[in-house]
Amino acid sequence: MRIDTTDTPSPPTSSGEPSPGTSRRGALAALFAAAALPALAPSSARAAAIEGTVRPEDEAFMRIALEQAALAEFPFGTVIVRDGEMLVKAHNLGSGDPTAHGEMTAIRNYIADEGPAGLKGATLYTSGEPCPMCMGAIIWCGIGRVVYAASIPQLSKVIGQIMVSCTEVAERTPFATVEITGGLLADEAIALFRK
């Protein structure tokens, strides 16, 4: 793409006003160029959060995550699956460690036993939408899909939440693509938080 720069705007004067000779064509060319830059960036440099659909196996694995959640002081339960095989399950460890969310506990337990490579492309099921900390860990581990039950807005009605969706975190990550499916068995998950 070639942009005609022979008639581009001159820098503003010290008063902040455009200098004489600034043309509309030059200003429009500059605006067009700025708007076109994101579209010209390599696709690998753009973030993606793909909205996923519920798959046949999802409910069974989410039920295991909900069973894990029922064991916890704060009912966040997690299951990580790859190729239809459960790799690890865990739940929130309580208020003694504020970073021991269900997702973090599952990830740490798996990495301690198996190392991080096996998490690449896995699916993580969780009773509640991952917070920014957990979503960051999910992305750094290369987990390719997240399925959650209760959303952050739903959870915020019963417990404190950081009001940043996992989709927003994924969309701001230029090096990864994550498929996200939310709302699976959400009513059952919320019922655990209301006990």
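Rules and cut-offs
Residues numbered from 1 in each chain as written. Predicted model: local features only at pLDDT ≥ 70, side-chain atom pairs only at ≥ 80, totals over all residues. Heavy atoms only, no water. Buried < 20%, exposed > 50% of the residue type's maximum accessible area, 1.4 Å probe, protein only. Helix = DSSP H or I, 4+ residues; strand = E, 2+ residues; numbered from the N terminus. Contact = heavy atoms within 4.5 Å. Core = buried A, V, L, I, M, F, W, Y, C linked by side-chain atoms within 4.5 Å. 1 Å grid on protein atoms, 1.4 Å probe; cavity = no way out; pocket = protein on both sides within 12 Å on 5 of 7 lines; lining within 4 Å. Points joined across faces, edges and corners; volume = space filled by probe spheres on them. Nonpolar A, V, L, I, M, F, W, Y, C, P; charged D, E, K, R; others polar. Pairing = 2+ DSSP bridges. Right-handed = clockwise from strand over helix to strand, strands pointing away.

For the α-helix, the turn length of 3.6 residues means that residues three or four positions removed from each other point alike. Within helix α4 (residues 132-141), seven of the ten residues are buried, leaving the element largely enclosed by the surrounding structure. Those residues of α4 not exposed but buried are C134, M135, G136, A137, I138, I139 and C141. Where α4 is buried, its residues meet α3 (102-114), β4 (123-128), β5 (145-150), α6 (166-171) and β6 (177-182). G142 lies just past α4 and shows a positive phi near 80°.

Note on soluble globular proteins: their nonpolar side chains tend to be buried together. Formed by 26 residues in total, the largest nonpolar core has its most connected members in I80, I107, M135 and I143. Sorting the residues of this core by element identifies β3 (85-91), α3, α4, β5, α6 and β6 as the ones contributing at least two each. With six residues, α4 is the largest single contributor of residues to this core. Once residues within four sequence positions are removed from consideration, I143 is found in contact with I80, I107, L119, G121, A122, T123, L124, I138 and V178.

Each pocket or cavity is described by its volume, and for the largest pocket that value is around 290 Å³. Here the residues of the lining of the largest pocket are counted per class, giving six nonpolar, six polar and three charged.

The next point concerns the pairing of β4. Counting buried positions over the six residues of β4 gives six, a clear majority of the element. Bridge count for strand β2 (residues 77-82) against β4 is four bridges, and the pairing is antiparallel. Across the sheet, residue I80 finds its bridge partner in β4, namely L124. Pairing analysis gives five bridges linking β4 to β5, with the strands arranged parallel. Residue pairing across strands places L124 opposite V146, the latter belonging to β5. Handedness of the crossover is the feature at issue here: the chain leaves β4, passes through α4, returns alongside β5, and the resulting connection is right-handed.

Shape is all these values report; function is a separate question.
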